[in-house]
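Listed below are the residues making up each chain.
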Amino acid sequence: GEMQEEQFSWKAKKWTQQLNLYQSNHDNPNSSGSEDAEFFAAYSTIKIHEEMIKDAPRTKAYRDAILGSKSLFKNKVVMDIGCGSGILSCFCAQAGAKKVYAVDASEMSHIAELVVHKNGFGDIITEVHVLKWKTNNY
């Protein structure tokens, strides 16, 4: 109901504040120029993740789908590939996952770690930062 919407809105604001605080305190150099580096650099900035979190219908749909399917998550191991801010990993932990691996190849993995711990899920969610991303050119 309305109370849940207010709590969700408050948490979305809180996550955004945490992301902005982290970004303002950390440099994010990525200057290799490769196509992969450009892709991951685009997702390593706060702005794109802030826009996604502030898109309340989108974020609420993810939240409702995950939390509305607790039986699929309860006591399961989940891997969130491309975890970004970590918000979906947090929803999986809320839904009862016994372990969540939040994986990201961008610098956002450090922000996801902050979000996870600030929201009390550090014992369930493990962050994995992929240091090198290899692709095959066919």
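In this text, all values refer to a predicted model and were calculated from it rather than measured experimentally.

(A) Layout of the packing of aromatic side chains. According to the stated counting rule, one finds 0 aromatic pairs in the structure shown. Sitting over the ring of Tyr-101, Lys-99 keeps its end group 5.8 Å from the ring centre.

(B) Local environment of the environment of Ser-106. If you trace the backbone, Ser-106 turns up in the loop between strand S2 (99–104) and helix H7 (108–118). Of the residues examined, Ser-106 reaches a relative accessible area of 2% and is grouped as buried. Residues Ser-106 and Cys-83, 23 residues apart in the sequence, show an inter-C-alpha distance of 9.6 Å.

(C) Seen up close, the pairing of S2. Two elements, strand S1 (residues 77–81) and S2, share 5 bridges in a ladder whose sense is parallel. The partner of Met-79 across the bridge, within S2, is Tyr-101. The parallel pair S1 and S2 is bridged by helix H6 (residues 87–94), and the resulting crossover is right-handed. In terms of strand pairing, S2 meets strand S3 (residues 125–129) through 5 bridges, oriented parallel. By the bridge assignment, Tyr-101 is partnered in S3 with Thr-126. You can see the chain leave S2, run along H7 and come back into S3, and the turn it takes is right-handed.

(D) Summary view of the packing of helix H4 (residues 56–67) against H6. Across the interface, H4 lies against H6 with an axial gap of 9 Å and an inter-helix angle of 25°. What the angle tells us is that H4 and H6 run roughly parallel. The hand of the H4/H6 crossing is right-handed. In this structure, H4 contributes Thr-59, Tyr-62, Arg-63, Ile-66 and Leu-67 to the contact, and H6 contributes Ile-87, Leu-88, Phe-91, Cys-92 and Gln-94. Counted by class, the contact of H4 with H6 contains 7 nonpolar, 2 polar and 1 charged residues.

(E) Up close: the state of the cysteines. Per the stated rule, a full pass over the model turns up 0 disulfides. Among the cysteines around Cys-92, which has no disulfide bond, Cys-90 carries the closest sulfur, lying 9.2 Å off. The class for Cys-92 is buried, based on a relative accessible area of 6%.

(F) A nonpolar patch on the surface, seen in detail. A contiguous nonpolar patch, built from Val-77, Met-79, Ile-81, Tyr-101 and Val-128 and spanning about 460 Å² of accessible area, is present on the exposed surface. When residues of the nonpolar patch are assigned to their parent elements, the largest contribution, 3 residues, is made by S1. Residue position: Val-77 is located in strand S1.

(G) Focus on the sheet that holds S2. In space, the 3 strands of this open sheet follow the order S1-S2-S3, with parallel pairing throughout. Unpaired on one side and paired on the other, S1 and S3 mark the two borders of the sheet. Adjacent strand axes in the sheet meet at a mean angle of 20° when their direction is disregarded. Taken strand by strand, H6 contacts S1, S2 and S3, and its axis lies near 175° from that of S2. On the sheet, H7 packs against S2 and S3 and is oriented at approximately 170° with respect to S3.

Conventions and cut-offs
- Residues numbered from 1 in each chain as written.
- Predicted model: local features only at pLDDT ≥ 70, side-chain atom pairs only at ≥ 80, totals over all residues.
- Heavy atoms only, no water.
- Phe/Tyr/Trp six-rings, centres within 6.5 Å; stacked < 30°, edge-to-face > 60°.
- Lys NZ or Arg CZ within 6 Å of the ring centre and 35° of its normal.
- Helix = DSSP H or I, 4+ residues; strand = E, 2+ residues; numbered from the N terminus.
- Buried < 20%, exposed > 50% of the residue type's maximum accessible area, 1.4 Å probe, protein only.
- Pairing = 2+ DSSP bridges.
- Right-handed = clockwise from strand over helix to strand, strands pointing away.
- Axes fitted to C-alpha atoms, helices over the stretch in contact; angles between N-to-C directions.
- Parallel < 35°, antiparallel > 145°, perpendicular 65-115°, else oblique.
- Left-handed = near helix turned anticlockwise from the far one by under 90°.
- Contact = heavy atoms within 4.5 Å.
- Nonpolar A, V, L, I, M, F, W, Y, C, P; charged D, E, K, R; others polar.
- Disulfide = S-S within 2.5 Å.
- Patch = residues over 30% accessible without salt bridge, like charges linked within 9 Å, V, L, I, M, F, W, Y side chains within 5 Å.
- Areas by Shrake-Rupley, 256 points an atom, 1.4 Å probe, with all protein chains shown as cover.
- Salt bridge = Lys/Arg side-chain N within 4 Å of Asp/Glu carboxyl O.

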